[in-house]
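Next come the chains, spelled out residue by residue.
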Amino acid sequence: MYQVILLFFIFITATAAHGETVVKYTDRLNRTVEINTPVQRVVFIQMYELLPALDAWEKVAGVAEYARRNEVIRAAKPDIDTVPSVGNGWNINVEAIMKLEPDLVITWAAAPKSISFMEEKGLKTVAVYPESISELYEVMQLLGRLLSSEENMEAAKAEMEKIFSLIRDRVSRRTNHDRASIQADSDRVSIQTDSDRASTRAEEKKRKMLYLTGQPNNVSCALGVNNDLLNLIGGVNPAGGIQERSTLVSLEQIVIWNPEVIFIWGNAGYTAEDLIDNMQWRHIRAIREKRVYKLPDWTTWGPRLPLIALYMAKKASPEKFSDIDFSEVADRLYQKVFHIPYQSEEAP
Amino acid sequence: MITINNIHFSHSATSPAVLQGISLQAEQGHLTTILGPNGCGKSTLFKCIAGLWKPDFGEISFNDINILTLTHQQRAKLIAVVPQDHEPPFPYSVLDAVLMGRAAHVGMFATPSRRDRQAAESAIEEVGISHLLHKSYTKISGGERQMVLVARALAQDARAMLFDEPTSHLDFRNQVLVLRKIRQIIVRRSVTAILTIHDPNAAMLFSDSVVVVKEGRVVVQGPPCEIITEELLHEVYGIEVVIGKINGAMVITPHISSESSDNGEEDAKIVNFDSHKNHRKRRLCLT
Amino acid sequence: MTRKTVIHALVLTSPLFIASASLFIGAYGVSPLMVVRSLLYELLPYGSAMADLPEKSIILDIRVPRVLLAAIVGVALSGSGVTLQGVFRNPLVDPFILGLSAGAAFGCAISIGFFPALPVQLSAFLFSIGSVLLAYNIARSQGEVSRLPLILSGVIISAFFTALTSIVKFLVDPHKLQNIVFWLMGSFSLADWHTISVSGVGILIALCPVYLMRWRLNVLSMGEDEAKLLGINVMRDRLIFVVSSTIAVSLAVSVSGIIGWVGLMVPHLVRMITGPDHRTLVPLSMAAGAAFMIFADTVARSITTYEIPVGIITAISGAPFFIYLMKKGGKESWGR
């Protein structure tokens, strides 16, 4: 008799311990959202590249159409088309989302109107917009918690950190080539004071690098992950004083900045050749030395961020990464995080 | 000479005909007036002659040229129109406003020539508003503005002129002055002129020929002193009038009192000297 | 030389003065001497003394094309503005009244948002023309197109394309959204010789009929009926004016985005100064438009490190001046 009662009590406490907890999260729009975890049905309008890493497909009620076209997802989950789409580019269908009866919708913070619209319809939404590496980790952690996939997210984070550390480490290393190039740099500078010479010897001279977005004169500024990447690979962003994510600047301003390396957003409508061949840019050092690189068109809101960083690092300082095989590193990450191999045509 | 033959017009297949077989003639050098009450169809007729609306059938010709088939530009060289209602869009100077009358003569990609400007200036002089040449035509009086429109029509150098109720917006003094001036011009330039008006007195005083229109039909056409009778006016306007002669001119006055006809006749006797009823013997028309 | 002629001459030559001044202004410090030398270099090869210096490139490859493009777009916007104000007998009409800007915005949005293979300029251009075509066809009744239906259908088309553009903006990637917004706000920042040779020449050609037929705008402004009575083929002439303006403005929008106020305000201001006769109003509006646009763009590019959208400058500088003139002019300033 007592055993039965004891068992009963143990049972009750056990279920209570594994019962629902409420997560309070303050999202990018400063909304505090209370979510009952674990969630059972989530719709991913954004951050979908984490899905193969989360590996919680049974909890995914729906995805944005873009997710279905994402090459990583297609490789990781070939039957992605069985997951309901909440709309292709022309039509994010709030009704479709409602039909799926999700517990939660993950979307981006750039469209606050759509969020309030969805909330009115009774959909619980979380708005994200990771503007730095640490924020990205934070979102990953949240999603891990919500979908009971914390370990996967920790593992993904670890893999990402590996690559970031590699980059940080290499960048801060002073090689002989480095010393020679610092000297060569300082020789090239036309006005030289004694203190200049002293400082170029004393510390690594950071190279000016620009990250161009949708238009060639739309440069990434202080806010946002692009700036973090430039700093990470040992560069300095001349537009880093402007407190915006990105802004238009005049061509004259770019000539004044005279960056040594230029990166172009992977989804931009123009190529590196377009700039190299452009008469107006010819006096800029990066164009003269042909150091203009278009990045692979991967999203920065996902586990491939360190690969983008590595790509940039290799282009910016090839001598420091000459022994690193991009495909190898990429493959390792793909296998560990997405559980698929890396297709080497995706990036040079 | 303008000949109008059996004009029919209705706004659509289902609505009643506004014009039901209008025929009339306007002689060169004469002022022909179309007279009738509101809604009789004279504005519709006017628009058909001016080329703004197309009659369902019938002919309108000017000196044997069928004007119904002409383009606006061709028609404007033959017929100049002085509209009734004009809302100035921008404050053009009088000269610029009159210069627009030369539009039919100016090429598509050209601006008015010196000859055009001279035509405009002499038209302005002819109507007597040279002192307003550079004044903005929004800042002059109603009568003066009407003269600007007349000058504009003159500058067109057309052989025929149409006037749409030129005096309806004018005060008494200007009515007289404008009509007088129009008559002068017509006679001097020997144009064919058609004028629509609703005031029978004005028609009497200034016209050579009157076309009386009622409900889309011509009732009668002829010299005013011959055809305008008290019976006719009663039939067309539904009002009792008395026609008398003052200073050699025919004058129409309405019966004011509508009480007993006894009183009416007495009044008539007092007012009426040289009664029109004896008109057959005495031709008192305008010469 | 009457006072009037002097004023006209000043307005007509104003773009030259402002353009010259503008060449000396810019983020990259170029000494006045270098500016002059660079310009002369192109006109008379200054020996081989002018090596390929960055200063010369700044002037000849960046500043001159930019000033020129601003001028040409100013001509297009105010030239079309004055034309449409005459056609519609209304001094408060702007070149975008027939739905043009909404069409261009939509073309830009779908090109940047969904079809990157389609160049933005082309898409914007095609959709601006398309929207006016649509408006024209909606307004057509029994083969005739009158003023009021045309304006109404312009409003409808505007609303339609604006709604579609909002949908696109709602759905698109946030990075692309920012590009769409920047593009729409209007900028001359990427002006180069290639752009000028294509769209600049196109704009000037498209405005030729407007310039040559400018006197007829006087007559057209009298109203449809009166213009017909005066011998004008109203439908044909109006069509020519609308088509020319539409092409010119579509080209302008395709290279510089949507810049407001210029097409409305400049012709209106010039009309207040010079009177409504289109023989002088049209060329002077075009000149004043060029001058104003150069001025606004110079401010937009030199006040801060980053570019201010030129549409903001035109609104900020134009609106108060406009209000002042209106108050001062009273009823007359409305053109009545």
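Source: prediction; values computed, not measured. (Residues numbered from 1 in each chain as written. Chains lettered and ligands numbered in written order. Predicted model: local features only at pLDDT ≥ 70, side-chain atom pairs only at ≥ 80, totals over all residues.)

Undergrad: Explain the sheet that holds strand 6 (residues 79-82) of chain B to me, please; I cannot follow it from the model alone.
TA: For sheets, the rule is that strands pair by backbone hydrogen bonds, running either parallel or antiparallel. Residue and element names in this part refer to chain B. If you walk across this open sheet you meet the six strands as 6-7-8-3-9-10, and the pairing is mixed. The strands lining the two open edges of the sheet, one partner per strand, are strand 6 and strand 10 (217-222). Ignoring which end each strand starts from, the neighbouring axes of this sheet average 15° apart. Relative to strand 7 (residues 160-164), strand 6 runs parallel, the two being bridged by four bridges. From the neighbouring strand, Val82 faces strand 7, where its bridge partner is Phe163. (Pairing = 2+ DSSP bridges. Helix = DSSP H or I, 4+ residues; strand = E, 2+ residues; numbered from the N terminus. Axes fitted to C-alpha atoms, helices over the stretch in contact; angles between N-to-C directions.)

Undergrad: Explain helix 13 (residues 278-302) of chain C here, please?
TA: Owing to its 3.6 residues per turn, the α-helix brings residues three or four apart onto one side. Compared with the 36 Å implied by 1.5 Å per residue over 25 residues, the 35 Å span of helix 13 of chain C between its first and last C-alpha is a close match. Across the 25 residues of helix 13 of chain C, 20 count as buried, placing the element largely inside the fold. (Expected span 1.5 Å × (residues − 1). Buried ≥ 20, exposed ≤ 12 C-beta atoms within 10 Å, placed from the backbone.)

Undergrad: Help me understand helix 8 (residues 193-212) of chain C, please; the structure alone is not making it clear to me.
TA: All names here are of chain C. With 20 residues, helix 8 should reach 28 Å at 1.5 Å per residue; the first-to-last C-alpha distance of 27 Å fits that figure. The largest bend in helix 8 is about 25°, located at Ala206, with the proline Pro209 one to four residues further on. Residues of helix 8 that are buried: Thr195, Ser199, Gly200, Gly202, Ile203, Ala206, Leu207 and Val210. On its buried side, helix 8 packs onto helix 3 (54-87), helix 9 (214-220), helix 11 (234-256) and helix 13. (Bend = angle between axes of the 7 residues up to and from the residue. Contact = placed C-beta atoms within 7 Å.)

Undergrad: Just to check I follow, could you spell out unusual backbone geometry for this structure?
TA: Keep in mind that most residues, glycine aside, have a negative phi and that most peptide bonds are trans. In this structure, Asn258(A) takes a positive phi of about 50° despite not being glycine. With respect to the helices and strands, Asn258(A) occurs in the loop between helix 12 (251-257) and strand 11 (261-264). Since 16 C-beta atoms lie within 10 Å of it, Asn258(A) is described here as partly exposed. Positive phi values are uncommon outside glycine, yet Asn6(B) reaches one of about 55°. Structurally, the position occupied by Asn6(B) is in strand 1 (residues 2-9).

Undergrad: Is there a simple way to think about the interface of chain C and chain A in this case?
TA: Frequently, the measure chosen for interface size is the accessible area that the parts lose on association. Contacts between the two partners involve 27 residues from chain C and, on the opposite side, 30 residues from chain A. Looking at the side of chain C that touches chain A, the elements that each hand over two or more residues are helix 3, helix 6 (147-171) and helix 7 (174-185) of chain C. With seven residues, the top contributor of residues to the side of chain C that touches chain A is helix 7 of chain C. Counted by class, the side of chain C that touches chain A contains 14 nonpolar, eight polar and five charged residues. (Nonpolar A, V, L, I, M, F, W, Y, C, P; charged D, E, K, R; others polar.)

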